[in-house]
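A closer look at the structure
Below are the chains, spelled out letter by letter.
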Amino acid sequence: MTRILLAEDHAAVRAGLAAFFEAQDDFEVVATAAEGREAVALAEELDPDVVLMDIRMPLLDGIEATRLIKAARPETRVILLSAYEQDDLVEAGAAAGAESFMLKGVPGAELVAAIRKLRGLS
């Protein structure tokens, strides 16, 4: 079972992603976060396998939240999600320790495949 933490500031997107991943046989959404500081605290408390992290969030953006999570738990895999494909965001995310960058509009099957690949399950 792959344990997922979802960090997304838009409630509808967060709920939709949670429902989608919970419908997968091999995924469990252990928590959701509406902002970066909450995501960091939940990652430290719950030790998820994968964090799906929105880049643009209030209080602490997804890149800095990724940096903090990876410093505390380097084994946690982070996939950054963004509505925009910008080289500077991809580079900053990679420098923060994120393993992957995906656009929010990507089909769900691609997100599932990316998570399974990161976990060595594909």
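Residues numbered from 1 in each chain as written. Predicted model: local features only at pLDDT ≥ 70, side-chain atom pairs only at ≥ 80, totals over all residues. Heavy atoms only, no water.

Among the surface-exposed residues, E85, D87, D88 and E91 lie close enough to one another that they form a single negatively charged patch. Considering the arrangement of structural elements, one finds E91 in helix α4 (residues 87-96). What makes E91 exposed here is its relative accessible area of 57%. (Patch = residues over 30% accessible without salt bridge, like charges linked within 9 Å, V, L, I, M, F, W, Y side chains within 5 Å. Areas by Shrake-Rupley, 256 points an atom, 1.4 Å probe, with all protein chains shown as cover. Salt bridge = Lys/Arg side-chain N within 4 Å of Asp/Glu carboxyl O. Lys, Arg positive; Asp, Glu negative; His and termini not counted. Charge placed at Lys NZ, Arg CZ, Asp CG, Glu CD. Helix = DSSP H or I, 4+ residues; strand = E, 2+ residues; numbered from the N terminus. Buried < 20%, exposed > 50% of the residue type's maximum accessible area, 1.4 Å probe, protein only.)

As a further point, take the nonpolar core. Counting 22 residues, the largest nonpolar core has M53 and L80 as the members making the most contacts within it. Of all elements in the fold, only β1 (2-7), β2 (27-33), α2 (36-46), β3 (50-54), α3 (62-72), β4 (77-82) and α4 reach the threshold of two or more residues within this core. Ranked by residues supplied to this core, first place goes to α2 with 4 residues. In this structure, L17, V29, I79 and L81 belong to the second largest nonpolar core, which totals 17 residues. (Core = buried A, V, L, I, M, F, W, Y, C linked by side-chain atoms within 4.5 Å.)

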